[in-house]
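# Per-entry structural report
Chain residues, written in single-letter form:
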Amino acid sequence: MTGGMPEGERRMKKYNYGHLLLILVMVMFLLSGCGNSGAENNEEMYGDIIAGLGDEEQFSLRDIGEKNDVLFTTDMTYDDDNGHDAALYCRVYYCVDGTIYTLEQIESLGTAYPVSYGDKCIYTAGEHCVAVYEFDRKNLRWRSSQYEETFDADGNASYMRTGEDGMKENVAEKDYLEVWEAYGESTVVNFGYGASDNPF
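Residues numbered from 1 in each chain as written. Predicted model: local features only at pLDDT ≥ 70, side-chain atom pairs only at ≥ 80, totals over all residues. Heavy atoms only, no water.

## What to know about the nonpolar core
Residues Y46, F72, V92, I106, I122 and W142 are the most contacted members of the largest nonpolar core, which totals 28 residues. When contributions to this core are tallied by element, the ones reaching two or more residues are helix 2 (39-51), strand 2 (70-74), strand 5 (89-96), strand 6 (99-107) and strand 9 (129-136). If you tally residues by element for this core, the top one is strand 5, at 6 residues. Contacts of Y46, omitting those with residues within four sequence positions, involve L61, D69, V70, L71, Y93, Y94, C95 and I100. Counting residues in hydrophobic clusters, the runner-up holds 13 residues, among them Y123, A125, W180 and Y183. (Core = buried A, V, L, I, M, F, W, Y, C linked by side-chain atoms within 4.5 Å. Buried < 20%, exposed > 50% of the residue type's maximum accessible area, 1.4 Å probe, protein only. Helix = DSSP H or I, 4+ residues; strand = E, 2+ residues; numbered from the N terminus. Contact = heavy atoms within 4.5 Å.)

Structure (structure tokens):
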């Protein structure tokens with residue numbers, strides 16, 4: 001017999017290490033899938049709101065790139081001819097650590113400009129305006145900016161940004177067009193469910 005660990009014990013040690021490694025990998029995989037989106041988390045955050053919707057109200061849960069999904073509700077939708085049940089106006093709910101932060105009503109100006117969302121933001125628009133809504137995680141509140149295009153008597157365009165505090169500032173045409181381009185590339189909020197379709 002040579003010195004050192006017996007062969008059977010060496011095999012058992014190798015098996016145990018390999019088994020533990022496999023368990024560790026599986027746990028890490030499961031944890032990586034435990035984000036804050038998903039039906040179970042949404043039920044905890046928004047289930048009561050959805051259950052309380054009226055017969056004519058519809059809702060949509062969307063991942064806009066924030067920590068949790070965002071809940072949109074409205075009592076009027078329309079077919080935007082692109083496969084969406086879109087809305088001109090809606091309420092918006094976002095949950096952080098059990099507290100709901102609400103945009104009471106946001107509204108677009110015409111069916112050509114449905115409520116939509118981009119990366120960590122929500123949009124409404126009209127023929128000569130576009131508004132951007134973002135959640136300020138530091139101060140735990142919604143922030144808004146409205147960009148407008150106006151014309152003087154001679155047809156010359158000027159561009160204005162209005163902040164949430166009502167303060168107005170002139171902006172360059174390129175700033176206005178950049179926001180419009182972002183809105184054009186955004187995703188329409190698709191409302192497909194009513195209170196009776198509560199998935200929770």
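Continuing now.
## So, the pattern of salt bridges
Applying the stated criterion across every chain, the model contains 6 salt bridges. Salt-bridge contacts for R91 lead to E104; the nearest nitrogen and oxygen are separated by 3.5 Å. Taken together, the positions of R91 in strand 5 and E104 in strand 6 put the pair 13 residues apart, joining distant regions of the chain. With a closest N to O distance of 3.3 Å, D175 and K174 form a salt bridge. Looking at D175, the relative accessible area reads 25%, which means it is partly exposed. With relative accessibility at 53%, the residue K174 sits in the exposed group. Salt bridges here are not isolated pairs; linked through shared partners, they connect E134, D136 and R143. (Salt bridge = Lys/Arg side-chain N within 4 Å of Asp/Glu carboxyl O.)

## Some details on the sheet that holds strand 8 (residues 121-126)
Within the open sheet, the 7 strands sit side by side as 12-11-10-9-8-7-13. Their pairing is antiparallel. Edge positions in the sheet fall to strand 12 (168-170) and strand 13 (187-188), since each of these pairs with one other strand and no more. Of the strand pairs in this sheet, strand 7 (residues 116-118) and strand 8 are connected by 3 bridges, and their pairing is antiparallel. In the sheet register, G118 faces strand 8, and the bridge partner there is C121. Lying on the sheet, helix 3 (residues 173-184) is in contact with strand 7, strand 8, strand 9, strand 10 (141-151) and strand 11 (157-163); it crosses strand 9 at an angle near 75 degrees. (Pairing = 2+ DSSP bridges. Axes fitted to C-alpha atoms, helices over the stretch in contact; angles between N-to-C directions.)

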